[in-house]
Amino acid sequence: MGTKADLEIATTTLAARGYLKLPVPTKDTIVFEIKRLKKEKNAVILAHYYQNKDIQELADYLGDSLYLAKIAAEVEADIIVFAGVHFMAETAKIINPTKKVVLPDLKAGCSLADSCPPADFKKFKEQYPEALVVTYINCSADIKALSDIVCTSSNAVQIIESIPKDKQIIFAPDKNLGRYLIKETGRDMILWEGSCIVHEAFSFEKIVTLFKEHPQAKFIAHPESESQVLDVAHYVGSTSGLLKFVQEDDATEFIVATEAGILHEMQKRAPHKTFIPAPVEDDTCACSECAFMKLNTLEKLYLCLEHELPEILLEENLMSQARLPIERMLEIG
Ligand code: 13P
Ligand code: SF4
């Protein structure tokens, strides 16, 4: 099996040979062509709720990180096209290593995963030799390999509560989710200071002002948001938790503090309700959109299926070390 470096070389070579300039089908036919290739190659498309809505509509499986990890573990098709970010595709490869996993754009990373460099985290961990390491799935394979158990925002409370009370816990890489979990579970955890640029962009003051203009609305937030934002939320939850809440709650208007891609599925599931994206600090940017997630496009999805590239390739040894904490998570929650 090749390494990440091999893959970079292969991708660069293809780019140099004009791969990236290859014609793609027109807007009218691209969906048909993707479906054709999918069938021809026995591939499935897994997509996160933060993807562009055209990709969400095409997906065989659409969901949050936990759901997609569970699906990836069970997929029988030969190829998994992961319409999400790198750590998600990497997780799919780790838990189902015999499958070919491709990501439409290899540069679709994650600021949160990048905020935890493995060498620094290793040193940090060494300061607490007795501690159990719980990591949020939004981290690299190298960080997972240094972990005891992985969690997602859907099962983090359950995972922390499954750990004996007298056990010291390191939680990484998201400090906001970590602080939220300390509050929810009453556990005093050692936190790595990482964060997500999208969820830290929300403006507390503007949310308060917006709420005054929409007093009937419920304010809901993803736990990667800062604590002052979470403190005023009517509901805090993962993307699937937020979706469930808006369907079941009596309110008809919601201010939503998470990546704006989720609004597409919310509107589909509750067409009679109104969803307002939470305002961000900087009015000049689309900060509530994850620029990494949005790197994936229908055109890149097509090219990725056609050429079965860029492929996620990892060292066997790294995969087996990173698999264990993911499997522990899947067993618990
Ligand atoms: P979910 O676990 O809710 O899918 O969140 C993933 C993510 O990247 C949030 O930024
Ligand atoms: Fe990473 Fe934040 Fe984008 Fe989620 S929204 S993939 S945590 S950068």
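Notes on the structure follow.

**Some details on the site of ligand 1**
Every residue lining ligand 1 is accounted for by His-48, Tyr-50, Asp-64, Ser-65, Tyr-136, Asn-138, Ser-153, His-199, His-222, Glu-224, Ser-238 and Thr-239. Here an oxygen atom of ligand 1 and a side-chain polar atom of His-48 are 2.7 Å apart. Side-chain polar atom of Thr-239 to an oxygen atom of ligand 1: 2.8 Å apart, as the coordinates give it. Expressed as a share of its isolated accessible area of 300 Å², the protein-covered part of ligand 1 is 96%. Each residue belonging to the shell around ligand 1 can be placed in one class, and the counts come to two nonpolar, eight polar and two charged.

**Examining helix α15 (residues 298-307)**
Those residues of α15 not exposed but buried are Leu-298, Leu-301, Tyr-302, Leu-303, Cys-304 and Leu-305. Buried residues along α15 sit against α2 (30-40), β1 (43-48), α3 (53-58), β3 (79-83) and β4 (100-102).

**Notes on unusual backbone geometry**
It is generally the case that most residues other than glycine have a negative phi and that most peptide bonds are trans. The omega torsion of the bond from Ala-172 to Pro-173 falls at -5 degrees, within 30 degrees of zero and hence cis. With respect to the helices, strands and loops of the structure, Pro-173 is situated in the loop between β7 (169-172) and α10 (175-185). Residue Pro-310 follows Leu-309 across a cis peptide bond; omega there is -10 degrees. For Asn-42, which is not a glycine, the phi torsion comes out positive at approximately 50 degrees. You can see Asn-42 is positioned in the loop between α2 and β1. One non-glycine residue, Glu-308, adopts positive backbone phi at about 55 degrees. Inspection of the secondary structure assignment puts Glu-308 in the loop between α15 and α16 (316-332).

**Regarding the pairing of strand β11 (residues 253-257)**
Burial within β11 is extensive, with five of its five residues counted as buried. Of the strand pairs in this sheet, strand β9 (residues 218-221) and β11 are connected by four bridges, and their pairing is parallel. Residue Lys-218 lies in a different strand from β11, and its bridge partner there is Phe-254. Relative to strand β12 (residues 274-277), β11 runs parallel, the two being bridged by four bridges. Of the residues in β12, the one forming a bridge with Val-256 is Pro-277. With helix α14 (residues 262-269) bridging β11 and the parallel β12, this β-α-β connection has right-handed handedness.

**Some words on the sheet that holds strand β8 (residues 190-191)**
An order of β6-β5-β7-β8 is seen for the four strands of this open sheet, with the pairing classed as parallel. Each edge of the open sheet is held by one strand with a lone partner, namely β6 (149-151) and β8. In this structure, β7 lies alongside β8, joined through two bridges in parallel fashion. Bridging from a neighbouring strand, Phe-171 pairs with Leu-191 of β8. Across the sheet, helix α7 (residues 118-126) is in contact with β5 (132-136), β7 and β8; its angle to β7 comes to roughly 160 degrees.

**Considering the environment of Asp-78**
With respect to the helices and strands, Asp-78 occurs in the loop between α4 (65-74) and β3. Residue class for Asp-78 comes out partly exposed when judged on its relative accessible area of 43%. Residues Asp-78 and Asn-42, spaced 36 residues apart in sequence, show a C-alpha to C-alpha distance of 5.7 Å. Leave out the neighbours within four places in its chain, and Asp-78 touches Lys-41, Asn-42, Lys-99 and Lys-100.

**Quick look at α16**
The terminal C-alpha atoms of α16 lie 25 Å apart, and with 17 residues this matches the ideal 24 Å at 1.5 Å per residue to within 8%. Bending of α16 peaks at approximately 30 degrees at the position of Arg-323, with proline Pro-325 no more than four residues after it. Turning to α16, its buried residues are Leu-318, Met-319, Ala-322, Arg-323, Pro-325, Ile-326 and Met-329. At its buried positions, α16 is contacted by α4, α5 (86-95), α8 (141-145), β6 and α9 (156-161).

**Regarding the pairing of β5**
Working note: regular strand, side chains alternate between the two faces of the sheet. With respect to burial, β5 is a largely interior element, five of its five residues being buried. Burial of the side chains of β5 extends over both faces: Leu-132, Val-134 and Tyr-136 are buried on one face and Val-133 and Thr-135 on the other. Looking at chain direction, β5 and β7 are connected through four bridges and run parallel. Bridging from a neighbouring strand, Leu-132 pairs with Ile-169 of β7. Here β5 runs beside β6; their pairing, made up of three bridges, is parallel. Residue pairing across strands places Val-134 opposite Ile-149, the latter belonging to β6.

**Some thoughts on the environment of Ser-154**
Looking at the secondary structure, you find Ser-154 in the loop between β6 and α9. Given a relative accessible area of 33%, Ser-154 falls into the partly exposed group. For the pair Ser-154 and Pro-271, spaced 117 residues apart in sequence, the C-alpha separation works out to 24 Å. Residues in contact with Ser-154, not counting those within four places in the same chain, are Asp-64, Leu-66, Ser-238 and Ser-240. A distance of 2.6 Å separates the side chain of Ser-154 from the side chain of Asp-64, its partner in a polar contact. Of note is the side chain of Ser-154, whose polar atom sits 3.4 Å from the side chain of Ser-240.

Cut-offs applied
Residues numbered from 1 in each chain as written. Chains lettered and ligands numbered in written order. Predicted model: local features only at pLDDT ≥ 70, side-chain atom pairs only at ≥ 80, totals over all residues. Heavy atoms only, no water. Near = heavy atom within 4 Å. Polar contact = N/O pair within 3.5 Å; in protein donor to acceptor, adjacent residues only side chain to side chain. Areas by Shrake-Rupley, 256 points an atom, 1.4 Å probe, with all protein chains shown as cover. Nonpolar A, V, L, I, M, F, W, Y, C, P; charged D, E, K, R; others polar. Buried < 20%, exposed > 50% of the residue type's maximum accessible area, 1.4 Å probe, protein only. Helix = DSSP H or I, 4+ residues; strand = E, 2+ residues; numbered from the N terminus. Contact = heavy atoms within 4.5 Å. Pairing = 2+ DSSP bridges. Right-handed = clockwise from strand over helix to strand, strands pointing away. Axes fitted to C-alpha atoms, helices over the stretch in contact; angles between N-to-C directions. Expected span 1.5 Å × (residues − 1). Bend = angle between axes of the 7 residues up to and from the residue.

Keep in mind that these numbers describe shape and distance, not what the molecule does.
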